[in-house]
Amino acid sequence: MEFRFIQIPSTAEEYLIRVKERSALLDCTFAFTAESGFADAVVRYLDDPGKLRKLSHVRAITEAFFAETGIPHPKMQFPVWSRSAAFMTDKGEFSLSLNLVYGEKKERVLKLLLHELSHFVLLYQPDYVSLLKLDLECRTGGKREFTNILTPVELYATMLSLGIFSALSEGMPESHRNLFSSLKSEEERKLTKAINNLSSYTED
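Described below are features of the structure shown in this document. Note that the structure is a prediction, hence the values are computed from the model and not measured.

What counts and what doesn't
Residues numbered from 1 in each chain as written. Predicted model: local features only at pLDDT ≥ 70, side-chain atom pairs only at ≥ 80, totals over all residues. Heavy atoms only, no water. Helix = DSSP H or I, 4+ residues; strand = E, 2+ residues; numbered from the N terminus. Contact = heavy atoms within 4.5 Å. Core = buried A, V, L, I, M, F, W, Y, C linked by side-chain atoms within 4.5 Å. Buried < 20%, exposed > 50% of the residue type's maximum accessible area, 1.4 Å probe, protein only. Expected span 1.5 Å × (residues − 1). Phe/Tyr/Trp six-rings, centres within 6.5 Å; stacked < 30°, edge-to-face > 60°. Lys NZ or Arg CZ within 6 Å of the ring centre and 35° of its normal.

Description of the environment of Leu96
Step number 1: Tracing the chain through its elements places Leu96 in strand E5 (residues 93-96).
Step number 2: Each C-alpha atom of the pair Leu96 and Cys138 lies 26 Å from the other, and the pair is 42 residues apart in sequence.
Step number 3: If near-sequence neighbours (up to four positions away) are discounted, Leu96 is found in contact with Val58, Gln77, Phe78, Pro79, Ala85, Ala86, Val101 and Leu113.

Laid out in structure tokens, this is it:
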């Protein structure tokens, strides 16, 4: 895994301009071949026709991801239900509701899971504190109009998840390759729509 911030914007105004201009914010490369433990765990999850082992598959995917990326394994919680179906905290805690795991289609569970794993990649970067400060400014800075997907932490995590989708689409058996290409395209469309809907920036 190769990952680096191009340069974290120093202000919300600079960040907004760069987002609207679609300037480079992140450079990341993930390499998960079909033989990797992570890709194999994803394939096993998708190929299992039953529901009873869905949670064990989710655990296997996360464990393989952290093992291959070298990121410390977090404290994981699986509540029956949670207001937020999937989230992580800045303390390195990870939560995924069983209502999501067993109640949603595998594709949606996988997409949310990989997004949250992307948050952990961010969490262990040296510049994460600077990113959090920028995120706070964007969320609380008066009339700046950011949808949640465009706040810095969420945008960077989404960009990382796109990198994971790309790697998996290359490393997957052909039967699953289109799935990850489709997931990537879906997230890219959401980003494009959100950026296009940004209002012009004005100072308070």
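Thoughts on the nonpolar core
Step number 1: If you look at the biggest cluster of nonpolar residues, it comprises 66 residues, and the most contacted ones within it are Phe38 and Phe180.
Step number 2: With ten residues, the single largest contributor to this core is helix H7 (residues 152-171).
Step number 3: Once residues lying within four places of it in the same chain are set aside, the contact partners of Phe38 are Phe32, Ile61, Ala64, Phe65, Glu68, Leu114, Ile164 and Leu168.

Structural notes on helix H3 (residues 54-69)
Step number 1: Taking 1.5 Å of rise per residue, the 16 residues of H3 would be expected to cover 22 Å, and the 23 Å separating its terminal C-alpha atoms lies within 8% of that figure.
Step number 2: Among the residues of H3, those classed as buried are Lys54, Leu55, His57, Val58, Ile61, Thr62, Ala64, Phe65, Phe66 and Thr69.

With respect to the packing of aromatic side chains
Step number 1: Summed over all chains, the structure comprises five aromatic pairs.
Step number 2: Measuring from ring centre to ring centre gives 5.3 Å for Phe5 and Tyr156, while their planes differ by 70°; the resulting arrangement is edge-to-face. Of this pair, Phe5 sits in strand E1 (residues 2-5) while Tyr156 is found in helix H7, placing the two residues 151 residues apart along the sequence.
Step number 3: Overall, the relative accessible area of 11% leaves Phe5 in the buried class.
Step number 4: Classification of Tyr156 as buried rests on a relative accessible area of 0%.
Step number 5: Above the ring of Tyr45, the side-chain terminus of Lys106 is found at 5.6 Å from the ring centroid.

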